[in-house]
Amino acid sequence: MLAPRYHIVLNANSGTAMRSGVTAERLHQLFAERGETVSIDADSTRPFAERLNTARSTSAPILLAAGGDGTATALAEVTVDTGRTLAVLPLGTANLLARDLSLPLTLEDWFKALDDMVPRKIDVGEVNGRLFLHKVVIGAVPGIAAAREQLRGRKDLGAMIGFLLHFVRRLSRIRRFAAEVTPSHGEPHIERVQSIAVANNDYAEGLGQVFHRSRLDAGTLSLYLLRQLTLRDAMRLAAGMLMGNWRNDDVLEIENVRAVVVRTRWRRVRAMVDGEIESLTGPLRFRIRPLALTILAPPVPAEEPDVQQATT
């Protein structure tokens, strides 16, 4: 029997998987129809760290993250360390990485496009040695995101109203904090902010392009300082993102860097890392790792050479 080409880590608790009932049996069937044998880890009762160790020890050349952005980020760290290729079957709620890569967002369309996908090289970010693919946020946002996680999978009106009320209450209680920001090329400076975000490459402006990156290989981190956010500011900023003219908003300061250190008064810093809430040890040391990850994705259109295609 041929060794599996894909080892799949399935997060059955991710947003789309919960709604559509994606199972290991269904994935086995879809790959078998293509003549592919795969190994699938769908055992959500095992600690996720153990599941990653299993993925690390498998001989499959492609590791497939079947889940949301958090699953993709965790498996990306294994692929970078072992020099293999990552594939992403987007089953999460936001699927931000998949959208940036123009991956199909439905199971059927993803399998239809699989034959045309190619290995591509993209940048990864790193904070205190921990890899991230999208962004790290500290300050106000992680607390709001934690409330959102409690509603994952719920679409009822009561849940949505509850989250909206929580957002308004939390926004009214947000206090600014002091942070020392030291870019790789520049002097340290003290900032009073409500949130700091560090993104792997920059967010683009464009009509309806909310949290969209047009490039994933620019070799820079983008530092976003959110100085103060009232409800009016939040509404204006959200409208600007939808309309594609948010980068010059007065509440934001944006800087592109290759590395940056962020120090606060806290020894442990609550952060949102690619959609997952984590506790990091300060100071937070960020750096970009250019073209460190090989990922399976649709080829870049000739007129938009934004990500370098791998030679492997």
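Going by the structure above, here's the rest.
Right, let's walk through the structure included here. What you are looking at is a predicted structure, and each value in this text was computed from that prediction instead of being measured. (Residues numbered from 1 in each chain as written. Predicted model: local features only at pLDDT ≥ 70, side-chain atom pairs only at ≥ 80, totals over all residues. Heavy atoms only, no water.)

## Examining the environment of leucine 216
Considering the arrangement of structural elements, one finds leucine 216 in the loop between strand E10 (195–200) and strand E11 (221–226). Leucine 216 gets classed as buried once you look at its relative accessible area, which sits at 2%. (Helix = DSSP H or I, 4+ residues; strand = E, 2+ residues; numbered from the N terminus. Buried < 20%, exposed > 50% of the residue type's maximum accessible area, 1.4 Å probe, protein only.)

## Re the nonpolar core
The biggest cluster of nonpolar side chains holds 48 residues, and the ones touching the most others in it are Tyr6, Ile8, Leu27, Phe31, Leu64 and Trp110. For this core, the leading source of residues is helix H4 (residues 69–82), giving 6 residues. Non-local contacts of leucine 27, meaning those with residues more than four positions away in its chain, are made with Ile8, Leu10, Val22, Ile40, Leu89, Leu107 and Phe111. Membership of the second largest hydrophobic core comes to 23 residues, among which are Val127, Val257, Val260 and Val262. (Core = buried A, V, L, I, M, F, W, Y, C linked by side-chain atoms within 4.5 Å. Contact = heavy atoms within 4.5 Å.)

## Description of the sheet that holds strand E15 (residues 276–281)
Across the sheet, 6 strands lie side by side as E12-E11-E10-E7-E14-E15; this open sheet has antiparallel pairing. At either end of the open sheet lies a strand with only one pairing partner, and these are strand E12 (252–257) and E15. On average, each strand axis in the sheet is tilted by 25° relative to the strand beside it, whichever way the strands run. As paired strands, strand E7 (residues 135–139) and E10 are joined by 5 bridges and run antiparallel to one another. From the neighbouring strand, glycine 139 faces E10, where its bridge partner is serine 195. (Pairing = 2+ DSSP bridges. Axes fitted to C-alpha atoms, helices over the stretch in contact; angles between N-to-C directions.)

## Observations concerning unusual backbone geometry
Look at the link from glycine 282 to proline 283: it is a cis peptide, with omega at -5°. In this structure, proline 283 sits in the loop between E15 and strand E16 (284–297). If you check the backbone angles, asparagine 95 has positive phi at about 55° while not being a glycine. Here asparagine 95 shows up in the loop between strand E4 (85–90) and helix H5 (96–100). Phi angles above zero are rare outside glycine, and asparagine 128 is one such case at about 50°.

## Details of the packing of aromatic side chains
Summed over all chains, the structure comprises 7 aromatic pairs. Centroid distance phenylalanine 31 to phenylalanine 111: 5.0 Å. Interplanar angle 70°. Geometry classified as edge-to-face. Within this pair, whereas phenylalanine 31 is found in helix H2 (residues 24–32), its partner phenylalanine 111 is found in helix H6 (residues 107–113), the two being separated by 80 residues in sequence. For the pair phenylalanine 31 and phenylalanine 111, one class covers both residues: buried. Ring pairing ties together the aromatic residues Tyr6, Phe31, Trp110 and Phe111, which thus form one cluster. Here the guanidinium or amino end of arginine 247 rests over the ring plane of tryptophan 246, the centre of that ring lying 5.6 Å away. (Phe/Tyr/Trp six-rings, centres within 6.5 Å; stacked < 30°, edge-to-face > 60°. Lys NZ or Arg CZ within 6 Å of the ring centre and 35° of its normal.)

## Some words on the packing of helix H3 (residues 48–57) against H4
For the pair H3 and H4, the least separation of the axes is 10 Å and the interaxial angle reads 35°. Note that H3 runs across H4; the crossing there is right-handed. For the pair H3 and H4, contact is made by Phe48, Leu52, Ala55 and Arg56 and by Thr71, Ala74, Leu75, Val78, Asp81 and Thr82, respectively. Each residue belonging to the contact of H3 with H4 can be placed in one class, and the counts come to 6 nonpolar, 2 polar and 2 charged. (Left-handed = near helix turned anticlockwise from the far one by under 90°. Nonpolar A, V, L, I, M, F, W, Y, C, P; charged D, E, K, R; others polar.)

## Considerations on helix H9 (residues 231–243)
Compared with the 18 Å implied by 1.5 Å per residue over 13 residues, the 18 Å span of H9 between its first and last C-alpha is a close match. Inspection of H9 places Asp233, Ala234, Leu237, Gly240 and Met241 among the buried residues, and these make up the whole buried set. Burial along H9 is one-sided: seen end-on, the buried residues are contained in an arc of 130°. Away from the buried face of H9 by more than 90 degrees, exposed residues Arg232, Met235 and Met243 are located. (Expected span 1.5 Å × (residues − 1). Arc of directions from axis to C-beta.)

## Description of the environment of leucine 75
Inspection of the secondary structure puts leucine 75 in helix H4. When the C-alpha positions of leucine 75 and leucine 64 are compared, they lie 7.9 Å apart, and in sequence the two are 11 residues distant. Apart from the residues lying within four places of it in its own chain, the contact partners of leucine 75 are Val9, Leu52, Ala55, Leu63, Leu64, Ala65 and Leu86.

## Some words on the environment of aspartate 100
Its place among the elements puts aspartate 100 in helix H5. It is 6.8 Å that separates the C-alpha atoms of aspartate 100 and serine 214, two residues lying 114 residues apart in sequence. Filtering out sequence-adjacent residues up to four positions away, aspartate 100 remains in contact with His134, Phe211, His212, Arg213 and Leu216. A distance of 2.8 Å separates the side chain of aspartate 100 from the side chain of arginine 213, its partner in a polar contact. (Polar contact = N/O pair within 3.5 Å; in protein donor to acceptor, adjacent residues only side chain to side chain.)

## As for the pattern of salt bridges
Tallied over the full model, the rule gives 16 salt bridges. Its salt-bridge partner being aspartate 249, residue arginine 236 comes within 2.9 Å of it at the nearest N-O pair. A residue pair is termed long-range when its members are at least 10 positions apart, and arginine 236 in helix H9 and aspartate 249 in the loop between H9 and E12 qualify at 13 residues. Judged by relative accessible area, which is 37%, arginine 236 ranks as partly exposed. Under the relative-accessibility criterion, aspartate 249 is labelled buried at 11%. It is possible to trace a salt-bridge network through shared partners that takes in Asp41, Arg46, Glu50 and Arg51. (Salt bridge = Lys/Arg side-chain N within 4 Å of Asp/Glu carboxyl O.)

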